[in-house]
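Tertiary structure, described
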Amino acid sequence: MQATLREATTYSIHAYPAHLINSISLRHGRRATLRPVLPQDAPLEQKFVATLSQGARFNRFHGNLCGLSEKVAAQITCIDYVHQMGFVVTLPEGDEEVVIADACYVLSDDGDTAEFAIAVSDTWQRQGLGSQLIDALCDAARRGGARWLYGEVLASNTSMLGLMIRCGFTVRPHPGDERLVRVERSVTGPAKTRRTARRPNRLLAALNHALPRWLQRVQGITASPTPSGRSYERQLLGRVM
């Protein structure tokens, strides 16, 4: 990734994008808040990552880690809302909030593309949170002048690949690592979404049909940290390992 992480002590905050706040429905009639992240959300992000399963953390950061340091949590939450954007989905718990999903992107140096990452709590998956976070990212990136949203997904992460296909992303081999898949989507026009069944066997069949044959070979590879690179997630991981 071309864009580099900015130190929390040097960022310049712009006006908080309150117009991006949204209320969303969950199971059993509960409602959650999807909103841009705030600097004071750093402890909430630390708790969120700590509660993810080991597999979910590996999929999110492409490596093994137990949690986020204060420094990395600050880098995720102290953003300028221009070159970086982050969202959290929260639920009230007593007098506090709990993060159950998050997403972020960082613009490239030329402002044309944005690399994104997304994670949903194991307990709250299959609630539509992923697609709503993707919509929020695309909307914010488009407003920020970007034309493309892209990311790197582990080839073994079939649930995320299914989400990407449903959200209209193209899927292609990563040029530098066969364990990764590159996904990308234009944010300047409506996405051509694909309807796929939610049952695991039907979804896997759709993935096998939509993805190249090389993916079928590498899906069985045991997950292991990918070689160091320039992606947003690898930069974060490199700061906490």
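Residues numbered from 1 in each chain as written. Predicted model: local features only at pLDDT ≥ 70, side-chain atom pairs only at ≥ 80, totals over all residues. Heavy atoms only, no water.

1. So, the nonpolar core
Ranked by size, the top nonpolar core spans 58 residues in total, and within it Tyr105 and Phe116 carry the most contacts. Looking at this core, the element that brings in the most residues is helix 4 (residues 129-143), giving 8 residues. The residues touching Tyr105, leaving out its near neighbours within four places in the chain, are His83, Gln84, Met85, Ala114, Glu115, Phe116, Leu137, Ala140, Ala141 and Leu149. (Core = buried A, V, L, I, M, F, W, Y, C linked by side-chain atoms within 4.5 Å. Buried < 20%, exposed > 50% of the residue type's maximum accessible area, 1.4 Å probe, protein only. Helix = DSSP H or I, 4+ residues; strand = E, 2+ residues; numbered from the N terminus. Contact = heavy atoms within 4.5 Å.)

2. Re the sheet that holds strand 3 (residues 84-93)
Ordered by their spatial adjacency, 8 strands build an open sheet running 1-2-3-4-5-6-8-7, and the pairing between neighbours is mixed. The open sheet is flanked by strand 1 (22-25) and strand 7 (170-173), the only strands paired with a single partner. When strand polarity is set aside, the average angle formed by the axes of neighbouring strands in this sheet is 30 degrees. As paired strands, strand 6 (residues 148-154) and strand 8 (residues 180-186) are joined by 7 bridges and run antiparallel to one another. Counterpart to Glu152 in the pairing with strand 8 is Arg182. Relative to the sheet, helix 1 (residues 42-51) contacts strand 3, strand 4 (96-107) and strand 5 (113-120), its axis offset from that of strand 4 by approximately 95 degrees. (Pairing = 2+ DSSP bridges. Axes fitted to C-alpha atoms, helices over the stretch in contact; angles between N-to-C directions.)

3. Some thoughts on the packing of aromatic side chains
Using the criterion set out here, one finds 2 aromatic pairs in the structure. Residues Tyr16 and Tyr81 carry aromatic rings whose centres are separated by 5.7 Å and whose planes lie at 85 degrees to one another, so their mutual orientation is edge-to-face. Taken together, the residues Tyr16 in the segment before strand 1 and Tyr81 in the loop between helix 3 (70-77) and strand 3 connect sequence positions 65 residues apart. Note on Tyr16: relative accessible area 27%, which makes it partly exposed. Take Tyr81: its relative accessible area is 9%, and that puts it in the buried class. A ring pair is formed by Phe116 and Phe169, whose centres lie 5.5 Å apart and whose planes are at 40 degrees; its orientation type is tilted. One end of the pair, Phe116, is in strand 5; the other, Phe169, is in the loop between helix 5 (158-166) and strand 7, and 53 residues separate them in sequence. With respect to class, Phe116 is no different from Phe169; both count as buried. Positioned above the aromatic ring of Phe61 is the side chain of Arg60, whose terminal nitrogen or guanidinium carbon lies 4.8 Å from the ring centre. (Phe/Tyr/Trp six-rings, centres within 6.5 Å; stacked < 30°, edge-to-face > 60°. Lys NZ or Arg CZ within 6 Å of the ring centre and 35° of its normal.)

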